[in-house]
Amino acid sequence: MPNQKSNGNPDFAIVIMAAGKGTRLKSSRAKVLHEIAGQPLLAHVIKAAQQIVPAGHIFVIVGHQAENVRAAVAPMGVEFVLQAEQRGTGHAIMCAREQVASYQNILVLSGDVPLIRPETIARLRDFHLGKKAAMTILTAAPTDPFGYGRVIRAGSSDRVKAIVEQKALSKAQQKEREINSGIYAFATKPLFANIDRLSTDNAHHELYLTDMAALLVKSKATVVALKASDAAEVLGANTLAELSSLDATMRARKCSDLMAAGVSIYRPETCLIDNDVQIGPDTILEPFVQILGQTRIGSGCRIRSFTIISDSQIADNVLFRPGCIVDRSTIAAGAQLGPYAHLRPGSEIGEGAHVGNFVETKKTRMGRGAKANHLSYLGDSDIGAGVNVGAGTITCNYDGVNKHMTVIEEGAFIGSDSTLVAPVRIGKGAYVGAGSTITKNVPADALALGRSPQITKDGWARDRRERQAKAKAGK
Ligand code: UD1
Ligand code: CA
């Protein structure tokens, strides 16, 4: 953490430019709200910034769809600055002048350059301070520099002469491969002493922050460049294709981190794992698994192919057979699910419980060791420990207006193909005969049969066959 100044501010504030429209995405959604690895671009940038300075010293410039952008990241506790009209990146920084002029330096990040690592921002900060520079530009040399501003150095030194935008490049400059990442450090004094000299004399008639390089050089201030070791970190997302490739990079990073921490991922390139997901060691992910949102998974689990888990808490040693869908649910240790189990929000599966083939649960608690192995719908129910729910059991939880609870107490046995019309309670240890429709509470240890008695007519089938055979022969 940088030193605290007497006015209470650290040496650095971070400004994140996020007011632009993102015309090249051809999307109605603001660019910085497009997602990679399950989170808006801007959220990734803020997260990296928060590793450098506390959220109260991070200023996000909003403009296009300002309200949506604010709402999406407000919980992160950052400050916002409105750039009501988007007149360019230079203008964006002008808008933040009042908020940041009291800091000695600012780090400027772009809301659409989301793969930046905190370590790289810290390196930029330290390099900038070490060089006592007025402006330090983070650069990179990607294989294809097209579309980026190019950094023109003074010979082979750290010193920079200018940044030239793609459209203004001369023939010779088009060969330059060192790009401007859109990430900078500035000493605030020279920045704000010169920023009003920016002009709109360029292809987009905007105030370019990049022109500060030449302006500062002209005023005899020091402008230097620091090349990022990994060009992938500073790639921008200006088109949906670029966005998709950033998403792939970020998810690959996530998989590598998990594998380094002891998680086996058999075909990482087929899995989608969101950034905030946590997975314990010795858990195995088979190909084509998705783990999304705020999901936490313990250790020793096995997640077989085509399972999708979102916003859920999974304890240790849970087995997901293929094709399970789990949303906003909790699963205790040693439980077994699927194939094709569907846990809808509010499902709480107890230790060692089984939720099997084509079983759907919603707002349902299953106690320790309870089993529903085949073809059931269990909604709004509380199922005790050790209960056995037979194949095809349905809780009728909805009367067309309201939802009602089904309670099945500990150790009860529900015969196959039963319908339990809620509200209804099956007492502890009770039996429900297969094929029953249960509309009244069943006391503990009772047997309930809710089906019509069976009629058996001896010889009926044989007699019928004979009658039919005679009728046919008589024709
Ligand atoms: C910018 C740089 C370019 C660099 C590239 C790196 C300029 C003029 N060019 O180009 O040299 O190689 O980034 O990715 O800066 N924004 C605002 N207000 C505005 C305009 C933009 O907040 O008025 C924000 C955008 O939301 C975006 C960022 O600034 O997050 C960069 O703007 P963008 O239009 O994407 O600039 P590039 O053309 O990519
Ligand atoms: Ca950009």
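Predicted, not measured: the structure shown is a model, and the values here were computed from it.

> How would you explain the sheet that holds strand β18 (residues 302–303) if you had to name every residue and give the values?
Taken in spatial order, the 11 strands of this open sheet run β12-β15-β18-β21-β24-β27-β29-β31-β34-β37-β39, and their pairing is parallel. Taken across any chain shown, the strands that pair with only one partner, and hence form the sheet edges, are β12 (264–265) and β39 (447–448). Note that β18 and strand β21 (residues 319–320) share 2 bridges and pair parallel. Bridge assignment links Ile-303 to a residue of β21, and that residue is Phe-320.

> Account for the coordination of the calcium ion (ligand 2), with residues named and values stated.
Surrounding the calcium ion (ligand 2) are the protein donor atoms Asp-112 (OD) and Asn-238 (OD1), which sit 2.2 to 2.6 Å from the metal. Here Asp-112, found in the loop between β6 (105–110) and α5 (118–130), pairs with Asn-238, found in the loop between β11 (223–227) and α8 (240–260); they are 126 residues apart in sequence, far enough to count as distant. Side by side, Asp-112 and Asn-238 carry an identical accessibility label, which is buried.

> Tell me about the pairing of strand β27 (residues 354–357), and name the residues and values.
Both strand β24 (residues 336–337) and β27 contribute to a ladder of 2 bridges, which runs parallel. Bridged to Gln-336 within β27 is His-354. Where β27 meets strand β29 (residues 371–374), 3 bridges bridge the pair, whose relative direction is parallel. Bridge assignment links His-354 to a residue of β29, and that residue is Lys-371.

> Provide a residue-level description of the layout of surface pockets, including the pertinent values.
In this structure, the largest pocket encloses a volume near 1200 Å³. In this structure, the largest pocket is lined by 37 residues; those nearest its centre are Arg-24, Lys-31, Thr-89, Glu-206 and Asn-238. Secondary-structure elements contributing two or more residues to the lining of the largest pocket are α3 (89–95) and β10 (179–187). The leading source of residues in the lining of the largest pocket is β10, at 4 residues.

> Could you give an account of the nonpolar core, naming the residues involved and the relevant values?
Of all hydrophobic cores here, the largest spans 47 residues; its most connected members are Ile-273, Leu-285, Ile-291, Phe-320, Ile-331, Leu-337 and Ile-426. When contributions to this core are tallied by element, the ones reaching two or more residues are α8, β30 (377–383) and β36 (424–426). Residues contacting Phe-320, with those up to four places away along its chain left out, are Arg-302, Ile-303, Arg-304, Thr-307, Ile-309, Ile-314, Val-326, Ile-331 and Leu-337. The next biggest cluster of nonpolar side chains, apart from the first, holds 43 residues, and it includes Ala-49, Ala-140, Ile-179 and Val-234.

> Quick one: what's the story with helix α1 (residues 41–50), residue by residue and with numbers?
Summarising burial for α1: 8 of the 10 residues are buried, a large majority. Leu-41, Leu-42, Ala-43, His-44, Val-45, Ile-46, Ala-48 and Ala-49 are the residues of α1 that are buried.

> I'd like a rundown of unusual backbone geometry, residues and numbers included.
Along the chain, Gly-338 connects to Pro-339 via a cis peptide bond; the corresponding omega equals 5°. Along the chain, the position of Pro-339 falls in the loop between β24 and β25 (342–343). Of note, the bond from Ala-422 into Pro-423 is cis; its omega dihedral lies within 30 degrees of zero at 0°. At His-205, a position not held by glycine, the phi torsion is positive, near 50°. Tracing the backbone shows His-205 in the loop between α6 (188–194) and α7 (212–218). Not every positive phi belongs to a glycine, and Asn-317 is a case in point at roughly 55°. Counting through the fold element by element, Asn-317 comes out in the loop between β20 (313–314) and β21.

Reading guide: rules and limits
- Residues numbered from 1 in each chain as written.
- Chains lettered and ligands numbered in written order.
- Predicted model: local features only at pLDDT ≥ 70, side-chain atom pairs only at ≥ 80, totals over all residues.
- Heavy atoms only, no water.
- Pairing = 2+ DSSP bridges.
- Helix = DSSP H or I, 4+ residues; strand = E, 2+ residues; numbered from the N terminus.
- Donors = N, O, S within 2.8 Å, 3.2 Å for Na, K, Ca; no water.
- Buried < 20%, exposed > 50% of the residue type's maximum accessible area, 1.4 Å probe, protein only.
- 1 Å grid on protein atoms, 1.4 Å probe; cavity = no way out; pocket = protein on both sides within 12 Å on 5 of 7 lines; lining within 4 Å.
- Points joined across faces, edges and corners; volume = space filled by probe spheres on them.
- Core = buried A, V, L, I, M, F, W, Y, C linked by side-chain atoms within 4.5 Å.
- Contact = heavy atoms within 4.5 Å.

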